[in-house]
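# Working through the structure, step by step
The chain contents come next:
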Amino acid sequence: MAALLLHSTNGRSPAVNLREALLRGLAPDRGLYLPEKFPNLAPAEIAAFARLPYPEIARRVLSKFTEGVMDGNELAAICRDAYDFDVPLETVYNRVHVLRLDRGPTASFKDFAARLMARLMGRFLQADRRQLTVLTATSGDTGSAVAHAFHSVPGIRVLVLFPFAEVSPRQRKLMTTLGDNVRTVAVDGKFDDCQDMVKRAFADPALGTIPLSSANSINIGRLLPQSVYYFYAASRMAQSGEPTVFSVPSGNFGDMMGAVVARQMGLPVRKIIAPVNDNDAFPRFLASGHYEKIFPSRNSLSNAMNVGHPSNLARLVAVYGGWMDESGHIHRAPDLAAMRRDLFSSSVSDERTRATICDAWRKYRLLLEPHGAVAWRGFLDWQEHESPHGSPAVILETAHPAKFPEEIEKTLGLSPEVPPAISAAENLPEDYDRLDADYEKFKAYLLARHA
Ligand SMILES: *Cc1c(COP(=O)(O)O)cnc(C)c1O
């Protein structure tokens, strides 16, 4: 079986197989890797998922991408090892469900992708006897998920940059208490500064001797595993087989791209709702066809979505036939009519986020944290906009409410139970470095550590 090929959204780098795309992260022309053609799952293959556990669904979906670069048994073992936690689908009313993606070791959906990607990368590197430094910028959840996933993986060093003032102590402790091959750097700046420093490091020829890779959602390895839970959720509903509505709270748009990938592979999807917080570049683009990034990004309660220029939009635009470069410039317009048919997006302010946390609890005893509340409110916005009838719907809750105890206590007057994964990190000693938001200083730091 010939390996699947991935090309760059900027179209100026050679196509590579999944192994190469994963180890590189960003394509040499600074574009994002995307499969040249999406593999397909037949309706009968999708229908069979109803009887299968999560790791086996993951294997069947992901094997379509790993054929030719990884042995099937090896992939099966990786999936079993990565997905050893629950994935609850709660019915809220009638055909409306909440998918809780918060049962992994760092209590956010990012565990799903990070755990699989770390294992794939570890395997690929071992076969090659290569060493790699995974460099990642985080607004909170990516860093901890990536740090946990790569902790103790041989051949890999992890370096995480986070904005000191924008990350909660609980989020911080999940990444600064690991030690070993994981190093964390608190930056006196915003998430955008961290992301910018990481991007510049990747593009800097003076760092060419350091083998760097990315674990941000620019890496295709972060994206593909995120298609699996859409198949899983659809397979667990009584009305499985009907086109489903998914609402996905969006920041860098990697999670919602998982839904796009699932649809491209054959999952029946009625609508993908991608609500955002105050960083509303995408809903404006969908409405007007005109893209303008938000700079500087705006701080919101749903802090893992404080992204002014979502990196995965370049992939979304490519799926719809357009070309957006890494700066956000659109060289070729996508099919906007098709995008509006398939997608919906609205912006949910902090005020509406809080009101939604309150309403969901009062009406349904549904406990949501700020990111899940944005998803829930976006779903309601879509209903008000299109008054659809009765499609099955899945709203993604992407983090555990105990990650935002102050907000939940303030809004609902109750304190969410802390999962063991989080409480374990609470009393461990922290260790991290501090840096100004200054690229030259960061570069010197990197060079010193790799000397
Ligand atoms: C990262 C994150 C998001 C946003 O996901 P993207 O793939 O960046 O759109 C939403 N919720 C939580 C809890 C997150 O950690």
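What this report covers is the structure whose coordinates are included nearby.

### Side note on the overall build of the protein chain
- In terms of regular secondary structure, the protein chain is built from 19 helices and 15 strands.
- The globule rule puts the C-alpha radius of gyration for 451 residues at 22 Å, and the 20 Å found for the protein chain is close to it.
- Dimensions along the principal axes, computed over C-alpha positions, put the protein chain at roughly 60 × 55 × 45 Å.
- Looking at the protein chain as a whole, 63% of its 451 residues are labelled buried.
- When contacts within the protein chain are restricted to residue pairs at least 6 apart in sequence, long-range pairs at least 24 apart make up 74% of them.
- Put simply, the protein chain shows about 17000 Å² of open surface, and 49% of that area lies on carbon and sulfur atoms.
- In the protein chain, the 51 positive side-chain charges and the 51 negative ones have mean positions that sit 3 Å from each other.

### A word on the site of the ligand
- Taken together, 15 residues surround the ligand, and among them Lys110, Asp141, Gly251, Asn252 and Thr398 come closest.
- At 2.5 Å from an oxygen atom of the ligand is found a side-chain nitrogen or oxygen belonging to lysine 110.
- The backbone of glycine 251 places a nitrogen or oxygen atom 2.8 Å from an oxygen atom of the ligand.
- Taken together, the residues that form the shell around the ligand break down as six nonpolar, six polar and three charged.

### Concerning the pairing of strand E5 (residues 132-137)
- With six of six residues buried, E5 is to be regarded as a mostly interior element.
- The two faces of E5 match: Leu132, Val134 and Thr136 on one face and Thr133, Leu135 and Ala137 on the other face are all buried.
- When E5 meets strand E6 (residues 156-163), the two strands line up parallel, connected through six bridges. Directly across from valine 134, in E6, lies its bridge partner valine 158.
- Between the parallel pair E5 and E6, the chain is carried across by helix H6 (residues 141-150), and the sense of this crossover is right-handed.
- When E5 meets strand E8 (residues 212-214), the two strands line up parallel, connected through three bridges. Bridge assignment links threonine 133 to a residue of E8, and that residue is leucine 212.

### Things to note about the side chain of threonine 138
- When you line up the elements, threonine 138 lands in the loop between E5 and H6.
- A relative accessible area of 0% places threonine 138 in the buried class.
- Here threonine 142 takes part through its backbone nitrogen, which lies 3.3 Å from a polar atom of the side chain of threonine 138.
- When near neighbours in sequence (up to four residues on either side) are disregarded, threonine 138 contacts Gly143, Val160, Leu161, Phe162, Pro163, Met175 and Phe191.

### Description of the packing of aromatic side chains
- The tally for this structure, following the rule as stated, stands at 20 aromatic pairs.
- Judged by centre distance (5.2 Å) and plane angle (20 degrees), the ring pair of tyrosine 93 and tyrosine 364 falls under stacked. Of this pair, tyrosine 93 sits in strand E3 (residues 89-93) while tyrosine 364 sits in helix H15 (residues 350-364), and the two are 271 residues apart along the sequence.
- For tyrosine 93, a relative accessible area of 24% gives the class partly exposed.
- Relative accessible area serves as the criterion here: at 33%, tyrosine 364 is assigned to the partly exposed category.
- Where tyrosine 229 meets tyrosine 230, the ring centres are 5.2 Å apart and the plane angle is 45 degrees; that geometry is what we call tilted. The residues tyrosine 229 and tyrosine 230 share a single accessibility class, namely buried.
- Grouped by ring-pair contacts, the aromatic residues Tyr54, Tyr83, Phe85, Phe112, Tyr229, Tyr230, Tyr232 and Phe246 constitute a single cluster.
- Between the NZ or CZ atom of arginine 434 and the centre of the ring of phenylalanine 164, over which it lies, the distance is 3.9 Å.

What counts, and at which threshold
Residues numbered from 1 in each chain as written. Predicted model: local features only at pLDDT ≥ 70, side-chain atom pairs only at ≥ 80, totals over all residues. Heavy atoms only, no water. Helix = DSSP H or I, 4+ residues; strand = E, 2+ residues; numbered from the N terminus. Rg over C-alpha atoms; globule rule 2.2 N^0.38 Å. Buried < 20%, exposed > 50% of the residue type's maximum accessible area, 1.4 Å probe, protein only. Contact = heavy atoms within 4.5 Å. Areas by Shrake-Rupley, 256 points an atom, 1.4 Å probe, with all protein chains shown as cover. Lys, Arg positive; Asp, Glu negative; His and termini not counted. Charge placed at Lys NZ, Arg CZ, Asp CG, Glu CD. Near = heavy atom within 4 Å. Polar contact = N/O pair within 3.5 Å; in protein donor to acceptor, adjacent residues only side chain to side chain. Nonpolar A, V, L, I, M, F, W, Y, C, P; charged D, E, K, R; others polar. Pairing = 2+ DSSP bridges. Right-handed = clockwise from strand over helix to strand, strands pointing away. Phe/Tyr/Trp six-rings, centres within 6.5 Å; stacked < 30°, edge-to-face > 60°. Lys NZ or Arg CZ within 6 Å of the ring centre and 35° of its normal.

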